[in-house]
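Survey of secondary and tertiary structure
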Amino acid sequence: MSVTAENNPLVELKGVEKEFSKQGDSKKVLSGIDFDIRKGEVVSILGQSGCGKSTLLNLIGGFDSPTGGELFFDGKQVTKPSRRAIMLFQYYALLPWRTVLKNVELALEPEGLSKEESRERAIRYIKLVGLEKSMDQFPSELSGGMQQRVAIARALSIRPELILMDEPFAALDTFNRYYLQDELLRIQQQEGTNIILVTHDIDEAVYLSDRVFIMDANPGTVRKKITVKLPKPRDRAHSDFQYYRKWILDEFNFSYTQDQLDFNI
Ligand SMILES: Nc1ncnc2c1ncn2[C@@H]1O[C@H](COP(=O)(O)OP(=O)(O)OP(=O)(O)O)[C@@H](O)[C@H]1O
């Protein structure tokens, strides 16, 4: 559980910039990024391809450093990756020669737990994602959705305060995606984990997020922060849900007003 004081932001970005340089050429990918993420929040980042979403996630996770501005996690400047903020990718990065249980146990090795404690913790999180019957199976014997659940169990077992997700469900079919989104919400509410999610899926952003950040490109900036004021779990078919979907589509100029059709029956 978090040790963050209730009112302090867990993540804080102040004027963050990122420039990549190669052979004398430099490109500003992110400019003037300012935001706070409060404890317990789920935030989605939406934006066109190449606007710098993954770069932003990498900076928050401490996998890369900003070339300007400041970035804080729990009040401390981010300078390197930490097990308190971990990254979950679209491709699950499971070791094919290890069973589900052993994949999760491997992530726990640096925790310094006894063998029994480590096994107990791994089993707890495997159960939490509903994979107790697949504990001794190998990744190749599991569906994509099940493999992503193992990756989620592995991430949660470390008990991070923040999970950074880069399009975590993009490789899944619609039904598996819906199912895992529900699972993720249930677990997130139970564990109180913060989530920052990069996605291209507007429906996913509205379904999961407390706030949706809309990015512009060249250089990447956060243009708008939309608070989704709907109780969870959300009804995707409800008009209030559609209201937020349309708002976001409008932000990207993707919705068209059509003349009302006349039906003569
Ligand atoms: N290590 C790097 N060196 C040089 N340029 C980079 C590097 N990493 C990213 N870029 C550039 O920064 C820009 C933003 O890339 P990034 O992957 O963050 O975008 P994105 O919004 O996540 O894109 P997508 O939605 O397609 O995944 C791109 O133009 C990319 O080519």
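For the structure, check the block above.
Residues numbered from 1 in each chain as written. Predicted model: local features only at pLDDT ≥ 70, side-chain atom pairs only at ≥ 80, totals over all residues.

As a further point, take the environment of G50. In this structure, G50 sits in the loop between β3 (42-46) and α1 (53-60). A tally of 12 C-beta atoms within 10 Å means that G50 is categorised as exposed. G50 sits 21 residues away from V29 along the chain, and the two C-alpha atoms are 8.6 Å apart. (Helix = DSSP H or I, 4+ residues; strand = E, 2+ residues; numbered from the N terminus. Buried ≥ 20, exposed ≤ 12 C-beta atoms within 10 Å, placed from the backbone.)

Moving on, we come to unusual backbone geometry. The step from N218 to P219 runs through a cis peptide bond, and the omega angle for that step is -10 degrees. Tracing the backbone shows P219 in the loop between β9 (211-216) and β10 (221-227). At the junction of K232 and P233, the peptide bond is cis and its omega measures out at -5 degrees in the coordinates. Mapped onto the elements of the fold, P233 is located in the loop between β10 and α7 (239-251). Even without being a glycine, Q23 presents a positive backbone phi close to 45 degrees. Take Q23: it is sitting in the loop between β1 (9-22) and β2 (25-38). You will see that R159, though not glycine, has its phi angle at about 55 degrees, which is positive. You can call R159 partly exposed: it has 17 C-beta atoms within 10 Å.

To continue, consider the sheet that holds β3. Pairing in this open sheet of six strands is mixed, and the strands run β6-β7-β8-β3-β9-β10 from one edge to the other. A strand with exactly one partner marks an edge of an open sheet, and here the two such strands are β6 (85-89) and β10. Across this sheet, the average inter-strand angle for adjacent strands is 20 degrees, counted without regard to direction. Inspection of the sheet shows β3 paired to strand β8 (residues 194-198) by four bridges, in the parallel sense. In the strand pairing of β8, V42 is matched with I195. Together, β3, β6, β7 (162-166), β8 and β9 form the strand contacts of α1, whose direction differs from that of β8 by roughly 155 degrees. (Pairing = 2+ DSSP bridges. Axes fitted to C-alpha atoms, helices over the stretch in contact; angles between N-to-C directions. Contact = placed C-beta atoms within 7 Å.)

The next thing to look at is the packing of helix α2 (residues 100-108) against helix α4 (residues 144-157). Between α2 and α4, whose axes approach to 9 Å, the crossing angle comes to 30 degrees. In terms of orientation, α2 lies roughly parallel with respect to α4. By crossing handedness, the relation of α2 to α4 is classed as right-handed. For the pair α2 and α4, the contacting residues are V100, N103, V104, A107 and L108 in the first and V150, A153, R154 and S157 in the second. (Parallel < 35°, antiparallel > 145°, perpendicular 65-115°, else oblique. Left-handed = near helix turned anticlockwise from the far one by under 90°.)

Take A217: it is sitting in the loop between β9 and β10. Residue classification places A217 among the partly exposed residues on the basis of 15 C-beta atoms within 10 Å. In the structure, A217 is positioned 165 residues away from G52 in sequence and 7.3 Å away in space, judged by C-alpha atoms. In contact with A217, not counting residues within four places along its chain, are G47, Q48, G50 and C51.

Here is the key point about a regular strand: its side chains alternate between the two faces of the sheet. Relative to β2, β1 runs antiparallel, the two sharing ten bridges. Across the sheet, the residue bridging to L13 is F35, located in β2. Where β1 folds back onto β2 in an antiparallel hairpin, the turn is made up of two residues, including Q23, whose phi is positive at roughly 45 degrees.

Backbone-to-backbone hydrogen bonds join strands into a sheet, with any given pair of strands oriented parallel or antiparallel. As summarised here, the arrangement of the four strands in space is β2-β1-β4-β5, forming an open sheet in which the pairing is antiparallel. This sheet does not close on itself; its edge strands, each paired only once, are β2 and β5 (76-77).

Following both chains from N to C, one finds α2 and helix α3 (residues 115-128) inclined at 120 degrees, their axes separated by 9 Å at the closest point. Between α2 and α3, the crossing angle belongs to the class labelled oblique. The two elements α2 and α3 cross, and the hand of that crossing is right-handed. Of the residues in α3, those touching α2 at V100, L101, V104, E105 and L108 are S118, R119, R121, A122, Y125 and I126.

Quick look at α7 now. Between its first and last C-alpha, α7 extends 18 Å over 13 residues, near the 18 Å set by a 1.5 Å rise per residue. N253 occupies a position one or two residues after α7 and carries a positive phi of about 55 degrees. (Expected span 1.5 Å × (residues − 1).)

Attention now moves to the nonpolar core. The nonpolar side chains of a soluble globular protein tend to be buried, and buried together. One finds V104, I126, A153, L164 and I196 to be the most contacted residues of the largest nonpolar core, which totals 64 residues. Looking at which domains feed residues into this core, each of domain 1 (1-84 + 161-222) and domain 2 (94-159) gives three or more. If near-sequence neighbours (up to four positions away) are discounted, I196 is found in contact with I37, V43, I45, L57, I60, L162 and L164. (Core = buried A, V, L, I, M, F, W, Y, C linked by C-beta atoms within 7 Å. Domains from an automatic or database assignment.)

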